[in-house]
Amino acid sequence: MAEPGLTAPILEVHDLHVTFTTEGGPVPAVDGIDFAVAPGETLAIVGESGSGKSVSSAAVMGLLPSNAQVTGEVLLDGRELNGLPGDELRKIRGNDIAMVFQDALSALNPYYTVGWQVAEAYRLHHDVSKKKAHERAIELLDKVGIPDASRRADSYPHEFSGGMRQRVVIAMALVNDPRVLIADEPTTALDVTVQAQIMRLLDDVQAEFGTALILISHDLGVVAEVADDVLVMYAGRAAERGTVRDIFFRAAHPYTLGLLGAMPRVDVPPKPRLTTIPGTPPTPGSITTGCPFQPRCAYTHRVGERCITERPELTPRPGQGDHEAACHLGRRPEVLL
Amino acid sequence: MPDLVWFVTRRLFAALLVMLALSLAVYLVFYAIPADPAHLACGKPCTPDRLEQARHFMQLDQSTLQQYLSFLKGVFAGRTFGDGTAAVHCNAPCFGYSFPLARPVTTLILDRLPVTASIAIGAAILWLLFGVSLGVIAALNRGHFLDRLAIGVALVGVSTPSFLLGLLAILVFGFWLNMVPVNGYVPFTESPVDWAWHLITPWIVLAILQAASYIRLTRSQMLEELNLDYITTARAKGAGESRVVLTHGLRGVLVPVVTLFGLDLGGLLGGAILTEKVFSMQGLGDLLITAVGSLDVAVVVGVTLFSAFLIILANLVVDIVHGVLDPRVSHG
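Residues numbered from 1 in each chain as written. Chains lettered and ligands numbered in written order. Predicted model: local features only at pLDDT ≥ 70, side-chain atom pairs only at ≥ 80, totals over all residues.

Quick look at the interface of chain B and chain A
Quoted interface sizes are often the accessible area lost when the parts come together. Taken together, the contact pairs 17 residues of chain B with 23 residues of chain A. Taken together, the elements giving at least two residues each to the side of chain B that touches chain A come down to helix H9 (229-237) and helix H10 (241-269) of chain B. Residues belonging to the side of chain B that touches chain A are distributed by class as follows: 5 nonpolar, 6 polar and 6 charged. (Contact = placed C-beta atoms within 7 Å. Helix = DSSP H or I, 4+ residues; strand = E, 2+ residues; numbered from the N terminus. Nonpolar A, V, L, I, M, F, W, Y, C, P; charged D, E, K, R; others polar.)

Dropping the structure here:
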């Protein structure tokens, strides 16, 4: 873990909005978020399904379908990516910014060998012979810890275990030495023991290459372990952001507290039931005024009508550096849940 | 690889059993029809004496089961009708003997096969290329003009009878525009150019009719395929749109397309009856339909069994090709 704030960010996102045009009208999936990540640093984006975390990363990569409208700035090393023509963006995808997907089985093409798929990623950005690319693929497969890589390169994805498949996906993402790696729930589909191995691998890679890592996750246990900064998203907006310490020790948003409370812990006596946040996340665009979390919030009565009428903006909280939360409560609430 | 050998062996054995059962069924059905082949052979006036003679010669005086067993024996060892100087010999594999045509059925089939195969294979290549490319174009332009156009072409293709399209093509391109020959077949060995020139119209006609199902299958498979995660992976790697579609998308589309293609081609090789009739080509379909008209039961049985054999063979080939195209399929 690098000390945050010491190096200039490699990737900056400012005021990102993503709106999907659907038959039922425009649906705002991401409604103005900012984040930045520096080389060697890990930014975790957490939130429930549908909070817009995956859409944000897809928007950075320019991978959204044509019915998505993206506004805001996406700066890679100061260069604007949003609105870049397809050809230019293609040179960056998989080269400067690479992605690791959640489900390695469906992310890999079942009809080609893993060696071919890793080599393809290399050849798309390097003018080399197939043989050279294959050698590079084996080198990477070996690096991510696939035993007997030169032989296994000729195997197909279905011939690997889940953990080994995820290693292949990581090898494919790393083959061009990307400066930014976006990992979208990289361990969700894996066993707990394998999860730890994969996270350690990502950590090692980051230490070795100084890669900036954006980790999209809903697993706070993983986040606590590897993240430097955390962005908590709710209903397409930032609920809270800060360093990992701010979020875990000085959480200022009731939603963050809810997430932390819902995390099973080994250091406190187990409760008879898992704690949950009451209610369900709003569908995108359904809440237009007030705080999107208000219907599920246990603190609304402390604030009153403002929660329903006025949308809270991110405001500074006491913490290290840029700790901010979007809540009218103003100070750190004591735990009610 | 040993898996594959074992798989093919097992499938060939199963195919043999199917062929046996099928031959019995076909034999019984065609011999149950109230027509006496001997009657046709005995000529006019047909005295009971001569009829009996013809029956004996054609071995129709035996019981049905006995006839079937002689048929089976003929397949493996050949058979001889009559004796002495009048004896007619039919070499193994003998699938019956056509007395009206005075030739063994096997020879008849082998004579006609090149014609049918020329029509079928040429048309198949055309419709595969045409159908798959139109299907891909339709999928990529979903809901837009090109998609509607491709679906329209497919709709016309499935609903037009081959004789109508064939006759129209002959009328327009053969007679009015005088661009192509209107009928006849020239063997490839005689003149490859004339061969292709005479076949071009039937190829195109058959291709248009058959391409319809390929357009629809390719389109729907491609739409499904383009929604899969590994397509997103390919884009995330920095692959261009054409590479995403052709290298990553089309690969998955090929598996069902090849299945359909194998079965269609297998079926068509057994005789394109209407097309052959329309273009006056003496292929297997023509052989079959003429035999039905003249109650030449031996030929009908032989051609039917041959067509069935081709379909069974096509199934086997499709299964093997599946294993090659999709690494997840194992021939265990």
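Let us keep going from here.
Points about the UniProt feature "transmembrane region" (unreviewed entry) in chain B
Residue and element names in this part refer to chain B. Within the UniProt annotation, "transmembrane region" (unreviewed entry) is assigned to residues 12-33, 115-137, 149-175, 195-215, 253-275 and 287-318. The distance from the first to the last C-alpha atom of residues 115-137 is 33 Å, and the span holds 100% helix and 0% strand. A distance of 29 Å separates the end C-alpha atoms of residues 149-175, which is 93% helix and 0% strand. (UniProt positions renumbered as here; feature names shortened; annotations may be inferred.)

Regarding the packing of helix H5 (residues 105-140) of chain B against helix H6 (residues 145-159) of chain B
Residue and element names in this part refer to chain B. Relative to each other, H5 and H6 sit at 140°, their axes nearing to 7 Å. In this structure, the crossing between H5 and H6 has a hand that is left-handed. Here Leu134, Ile137 and Ala138 of H5 come into contact with H6, specifically with Leu146, Asp147, Ala150, Ile151 and Val153. Across the contact of H5 with H6, the residue classes break down as 7 nonpolar, no polar and 1 charged. (Axes fitted to C-alpha atoms, helices over the stretch in contact; angles between N-to-C directions. Left-handed = near helix turned anticlockwise from the far one by under 90°.)

Quick word on the UniProt feature "domain: ABC transmembrane type-1" (unreviewed entry) in chain B
Look at the UniProt record and you will see "domain: ABC transmembrane type-1" (unreviewed entry) annotated at residues 113-322 of chain B. In residues 113-322 of chain B, the share of helix is 82% and the share of strand is 0%. The end C-alpha atoms are 27 Å apart.

Focus on the environment of Glu240(A)
All names here are of chain A. The topology assignment puts glutamate 240 in strand E10 (residues 237-243). When the C-alpha positions of glutamate 240 and arginine 265 are compared, they lie 22 Å apart, and in sequence the two are 25 residues distant. If we skip the residues at most four places from it in the chain, glutamate 240 touches Val232, Ile247, Ala251, Ala252, His253, Thr256, Glu324, Ala325 and Ala326.

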